[in-house]
Amino acid sequence: MNALATVVPTPPAASGSAAAAAKGALVAADLARDFPILSRPVRGRRLVYLDNGATTQKPEAVIEAERRFYRESNANIHRGVHWLSQHATDLYEQARERVRRLLNAASADEIVFTRGTTEAINLVAYSWGRANLKAGDEVVLTGMEHHSNIVPWQLVCEQTGAVLKVVPITDRGELRLDAYESLLGPRTRLVSVVHVSNALGTVNPVARMVELAHAAGAKVLVDGAQAVAHQPVDVQALGCDFYALSGHKLYGPTGIGALYGRRELLAAMPPWQGGGDMIRTVSFEGSTWADAPQRFEAGTPNIAGAVALGAAIDYVMAIGLDRIAEHEHRLLAHATEAAQRIPGLRLIGTAAEKAGILSFVVDGIHPHDLGTILDAEGVAIRAGHHCAMPVMTRFGIPGTARASFALYNDEADVAALVAAIGKAQQMFGGARR
Ligand code: C6P
């Protein structure tokens, strides 16, 4: 027997504490031990990592899955006749099945690997958009989209003559559903909406929005970049046509993500990039295409990244996304209360339905200065426009400071955040009254 066959293929296992986590509330401090980077000091202090909206840290299970792939399984996929290539292909396709399971898609053929959310949205814009949009057609976005869900549509609208319509948002950072309904009409071809806003934390009523869009004959793309690590997502229950995600915001590696697309839509979409692995036949007279999802995966993909993303999905699913959501909601409620007690602090984004994102401004302190001072205290947050400039324009501010939570954060992290903000206020002339 081939020695390698004894080594693999075992699915990447969830780490000990995650797998062992009993039902009930999760214990963030226990899970934090699965993440090696969280035990390194930063600037001589305990690292308080609250920049999970930008990227999450990686558990040992994910780091090990990628390392193990290169040590034991590395080969190119879908083309080799040799054992190792077939084995790598199996692992890659098993990872696709894990993404399917995460999203509850009907078939793994509905999952296309991409570099991340940005590439997934560009795929839909360039493939579906260029094939289906024409002059006068309308694409509906919302006022809280990330630039990744604005710019590709602007580019494709320029090429096709379609026009963008934007759903306004309220002072609390919620979508105006009345305005959304009145924007939908016979010219609406697509609604592209963020599931959870990275700048405000708002969770949008996507299922209802899909219902209304479908009634108007439009397709719906959901940007799930900030959703999939923080709540269970079921694309069949949502009814959406496309769903985009990034692995690195889901405890997986950078450079890997996925697009869910309903089977019949993917089947009818033309390729958007040409190269190896996406063709059926090639001649100088013309080429024919592989079926989806391969049609949309030209060239050698991030195989190790996909495998490690599979391990990340195992990790969060072993804990339970409902338990992660519960934990982060509790922490958000606690952090919101604590923040509201800080004089001179104003929360940006106070929607009734929110995920673990706390965006705020503090009187007299620019968000970048706040970020720098917090960093000196070991507290990592993000400051700026968060690639959502229209949100900042809507609220009349240059940017916000943003703390974004993950499963390993707890009340001690919130206490460190609050203390660091207090220190910044003292440095800036005692904004605390
Ligand atoms: N937001 C943040 O700090 P990529 O870069 O492709 O993995 O994800 C893009 C993206 C798309 N949509 C939303 C809602 C997002 O939040 C992001 C990434 C990061 O908020 C970096 S700007």
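Cut-offs used in this document
Residues numbered from 1 in each chain as written. Predicted model: local features only at pLDDT ≥ 70, side-chain atom pairs only at ≥ 80, totals over all residues. Heavy atoms only, no water. Helix = DSSP H or I, 4+ residues; strand = E, 2+ residues; numbered from the N terminus. Rg over C-alpha atoms; globule rule 2.2 N^0.38 Å. Buried < 20%, exposed > 50% of the residue type's maximum accessible area, 1.4 Å probe, protein only. Contact = heavy atoms within 4.5 Å. Lys, Arg positive; Asp, Glu negative; His and termini not counted. Charge placed at Lys NZ, Arg CZ, Asp CG, Glu CD. Near = heavy atom within 4 Å. Polar contact = N/O pair within 3.5 Å; in protein donor to acceptor, adjacent residues only side chain to side chain. Nonpolar A, V, L, I, M, F, W, Y, C, P; charged D, E, K, R; others polar. pLDDT = per-residue confidence, 0-100. Pairing = 2+ DSSP bridges. Axes fitted to C-alpha atoms, helices over the stretch in contact; angles between N-to-C directions. Parallel < 35°, antiparallel > 145°, perpendicular 65-115°, else oblique. Left-handed = near helix turned anticlockwise from the far one by under 90°. Arc of directions from axis to C-beta.

Engineer: When you look at the overall build of the protein chain in this model, what are you seeing that I'm missing?
Structural biologist: If you tally the helices and strands in the protein chain, you get 16 helices and 17 strands. Over its C-alpha atoms the protein chain spans a radius of gyration of 22 Å, differing by no more than 12% from the 22 Å that the globule rule assigns to 433 residues. Projected onto the principal axes, the alpha-carbon positions of the protein chain cover approximately 75 × 60 × 35 Å. For the protein chain, buried positions account for 56% of its 433 residues. Sequence separation of at least 24 residues holds for 72% of the intrachain contacts in the protein chain that already meet a minimum separation of 6. Computed over 41 positive and 43 negative side-chain charges, the inter-centroid distance for the protein chain is 3 Å.

Engineer: It is not clear to me how the site of the ligand should be interpreted in this structure. Could you clarify?
Structural biologist: Taken together, 17 residues lie around the ligand, and Thr118, Asp223, Gln226, Ser246 and Arg382 are the ones closest in. Residue arginine 382 places a side-chain N or O atom 2.5 Å away from an oxygen atom belonging to the ligand. Each residue belonging to the shell around the ligand can be placed in one class, and the counts come to four nonpolar, nine polar and four charged.

Engineer: Just to check I follow, could you spell out the side chain of threonine 142 for this structure?
Structural biologist: Looking at the element boundaries, threonine 142 is found in strand S5 (residues 138-142). Taking the relative accessible area as the measure of exposure, threonine 142 reaches 4% and is therefore buried. Reaching out from threonine 142, the side chain makes a polar contact with the side chain of glutamate 145 at a distance of 2.6 Å. Contact partners of threonine 142, with chain neighbours within four places excluded, come to Val166, Val167, Leu175, Ser192, Val193 and Met209.

Engineer: Would you take a moment to explain the confidence of the model for the protein chain for this structure?
Structural biologist: Atomic detail in the predicted coordinates should be set aside for any region of low pLDDT. Scored by pLDDT, the protein chain has a mean of 94; 94% of the residues are at 70 or more. Note on residues 1-16: pLDDT is under 50 here. Beyond four places in sequence and across chains, it has 32 contacts.

Engineer: Would you explain unusual backbone geometry in this entry?
Structural biologist: Most peptide bonds take the trans configuration, and most residues that are not glycine carry a negative phi. That bond from alanine 292 to proline 293 is cis: its omega, 5°, falls within 30 degrees of zero. Within the fold, proline 293 resides in the loop between strand S12 (286-289) and helix H12 (303-319). The backbone phi angle of asparagine 104 is positive, close to 50°, even though this residue is not glycine. Within the fold, asparagine 104 resides in the loop between helix H5 (83-103) and strand S4 (111-114). Accessibility expressed as a relative area gives 31% for asparagine 104, which makes it partly exposed. Despite not being glycine, cysteine 387 has its phi angle at roughly 55°, a positive value.

Engineer: Sorry, what's going on with the sheet that holds strand S16 (residues 382-384) here?
Structural biologist: Strand pairing within a sheet occurs via backbone hydrogen bonds; the two strands may be parallel or antiparallel. Across the sheet, four strands lie side by side as S13-S14-S17-S16; this open sheet has antiparallel pairing. Edge positions in the sheet fall to strand S13 (345-347) and S16, since each has one partner strand and no second. When the angles between neighbouring strand axes are averaged without regard to direction, this sheet yields 30°. Looking at chain direction, S13 and strand S14 (residues 357-362) are connected through three bridges and run antiparallel. Residue arginine 346 lies in a different strand from S14, and its bridge partner there is valine 361. Helix-sheet contacts for helix H13 (residues 321-340) involve S13 and S14, and the interaxial angle to S14 is about 10°.

Engineer: What am I meant to see in the environment of arginine 115 here?
Structural biologist: Note on placement: arginine 115 falls in the loop between S4 and helix H6 (117-132). Separated by 56 residues in the primary sequence, arginine 115 and proline 59 place their C-alpha atoms 20 Å from one another. Dropping the residues within four chain positions of it, arginine 115 is found in contact with Gly255, Ile256 and Gly257.

Engineer: Looking at this structure, I do not really get the packing of H13 against helix H16 (residues 411-427). What am I missing?
Structural biologist: The packing of two helices is summarised by the inter-axis angle and the distance between the axes. In the contact formed by H13 and H16, the axes pass within 10 Å of each other and the chain directions differ by 25°. Overall, the two elements H13 and H16 adopt an arrangement that is roughly parallel. Crossing of H13 over H16 shows right-handed handedness. Here Leu331, His334, Ala335 and Ala338 of H13 come into contact with H16, specifically with Glu411, Val414 and Val418. Its residues placed into classes, the contact of H13 with H16 shows five nonpolar, one polar and one charged.

Engineer: Looking at this structure, how should I read helix H9 (residues 206-215)?
Structural biologist: Side chains three or four residues apart in an α-helix point the same way, a direct result of the helix having 3.6 residues per turn. Buried within H9 we find Val206, Met209, Val210, Leu212 and Ala213. The arc that holds the buried residues of H9, viewed along the axis, is 165°, so those residues lie on one side. Facing away from the buried side of H9 by more than 90 degrees, the exposed set consists of Glu211 and Ala215. Buried-residue contacts for H9 involve S5, helix H8 (177-183), strand S7 (188-194), strand S8 (219-223) and helix H10 (235-238). Of the residues one or two after H9, glycine 217 is the one with positive phi, at around 85°.

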